[in-house]
Structure formats: C-alpha cells, structure tokens
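The residues making up each chain are set out below.
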Amino acid sequence: MALSDEEQKLLEQMEAALAAEDPKLAHTLRGTKTPRTLQRKRAAVAGLAFIAGCGMLLAGMRAHWVVSVVGFVVMLIATVIAVTAYRKVEPTQHGPSKVQAGQRAGSSDSFMDKMEERWRRRQDEGF
C-alpha cells in the first residue's frame, strides 16, 4: 500500500530527525539485511559447510574412519540447514494475491489442504 504525500513527508522528517539524533542507529536501520537475504546467506554458508564435509569425508578415508563419520554428519547438518533456509525464503508475488474463501491470508497450507481444496473445486465444477 502506497503512502500519501503527507505521510511520505512525515516519514522523511522522522528519518531525518533520527539520523540527526543517532546516526549510528540510523545507519544500522538502513541496512539491507532483510529476512530473505539472511536466509540466502545461511543457505550459502550451509553449502560451504557441505563442501567442507565432503572434504572431511574424503580425507577420513586416508586418515581415520572417525574423520569420515564427522564429515558425513557435517554434510547432513548442512543439508538440513540449507533446505530449511530455502523453504523460509518467501516466494515473490507477481501480482495481487488470490485468497480463496475459507483460507486465511498469509497462511501456508499443507499439501493435504491443497489437495482437499482441489478436490472440492472438482466436485463443485462437476468433473
């Protein structure tokens, strides 16, 4: 939702007052760290940890089997972190969102909920 001109001017005045009062805080608040970028960074670090785990797995073949086991555990943990970080990134919306009757806006439906909704639509349409 766009702000009106009056609200935009008021917001700019508040930002200027904050920057004058506490420039360090204003700089921190202007940062580009959104939840999306944090999750992407987390996924990237997990990818690097996975590669390190692969290296440990291979090095453990030459050194000691315990190193291989630790490498496998590192790979497993990195994969779980990467997958959860990837799932937390919200998909971008390319237009107005379509909220169907009976669904809450912003709720993420499970697979079964989606299948039940499709089944209801098919029954209503007579297919």
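These numbers were taken from a predicted model, which means no experiment stands behind them.

All right, on to the overall build of the protein chain then. Across its full length, the protein chain holds five helices and zero strands. Along its sequence from the N terminus, the protein chain presents helices and strands in the succession α-α-α-α-α. By the burial criterion, 9% of the 127 residues in the protein chain qualify as buried. Within the protein chain, contacts between residues separated by at least 24 positions form 39% of all contacts whose residues are at least 6 apart in sequence. Per element, the accessible surface of the protein chain, about 11300 Å² overall, is 62% carbon and sulfur.

Right, let's talk about the side chain of Ser-68 for a bit. Here Ser-68 lies in helix H4 (residues 65-88). With relative accessibility at 13%, the residue Ser-68 sits in the buried group. Beyond its immediate chain neighbours, meaning those up to four positions away, Ser-68 contacts Met-56, Leu-57, Gly-60 and Met-61.

Looking now at the confidence of the model for the protein chain. Across the protein chain, the average pLDDT comes to 78, with 78% of residues at or above 70. The element-level mean pLDDT for the protein chain is lowest in helix H2 (residues 23-29), coming to 75, with H4 highest at 89.

Taken as a whole and assessed by the stated rule, the structure comprises two salt bridges. Across the pair Arg-120 and Glu-116 runs a salt bridge, and its minimum N-O distance is 3.5 Å. Remark: Glu-116 and Arg-120 occur in helix H5 (residues 111-125); sequence separation between them is four residues, near one turn of the helix. A relative accessible area of 43% places Arg-120 in the partly exposed class. Between Glu-117 and Arg-120 there is a salt bridge whose closest N-O contact spans 3.4 Å. Here Arg-120 and Glu-117 lie together in helix H5, a separation of three residues that amounts to about one turn.

On the surface, Trp-65, Val-66, Val-69, Val-70, Phe-72, Val-73, Leu-76, Ile-77, Val-80 and Ile-81 cluster together to form a nonpolar patch covering roughly 900 Å² of accessible area. The residue Ile-81 is located in helix H4 in this model.

Take a positive patch on the surface next. On the surface, Lys-114, Arg-118, Arg-121 and Arg-122 cluster together to form a positively charged patch. Looking at where Arg-121 falls in the secondary structure, it is placed in helix H5.

Following the sequence through the fold, Ala-26 ends up in helix H2. Remark: the alpha-carbon pair of Ala-26 and Ala-16, spanning 10 residues in sequence, is separated by 9.1 Å. Those residues in contact with Ala-26 that sit more than four places away from it in its chain are Leu-18 and Ala-19.

The next subject is the environment of Val-66. Position of Val-66 among the secondary structure elements: in helix H4. A relative accessible area of 37% means that Val-66 is categorised as partly exposed. Placed 10 residues apart in sequence, Val-66 and Met-56 show a C-alpha to C-alpha distance of 9.8 Å.

About the thresholds
Residues numbered from 1 in each chain as written. Predicted model: local features only at pLDDT ≥ 70, side-chain atom pairs only at ≥ 80, totals over all residues. Heavy atoms only, no water. Helix = DSSP H or I, 4+ residues; strand = E, 2+ residues; numbered from the N terminus. Buried < 20%, exposed > 50% of the residue type's maximum accessible area, 1.4 Å probe, protein only. Contact = heavy atoms within 4.5 Å. Areas by Shrake-Rupley, 256 points an atom, 1.4 Å probe, with all protein chains shown as cover. pLDDT = per-residue confidence, 0-100. Salt bridge = Lys/Arg side-chain N within 4 Å of Asp/Glu carboxyl O. Patch = residues over 30% accessible without salt bridge, like charges linked within 9 Å, V, L, I, M, F, W, Y side chains within 5 Å. Lys, Arg positive; Asp, Glu negative; His and termini not counted. Charge placed at Lys NZ, Arg CZ, Asp CG, Glu CD.

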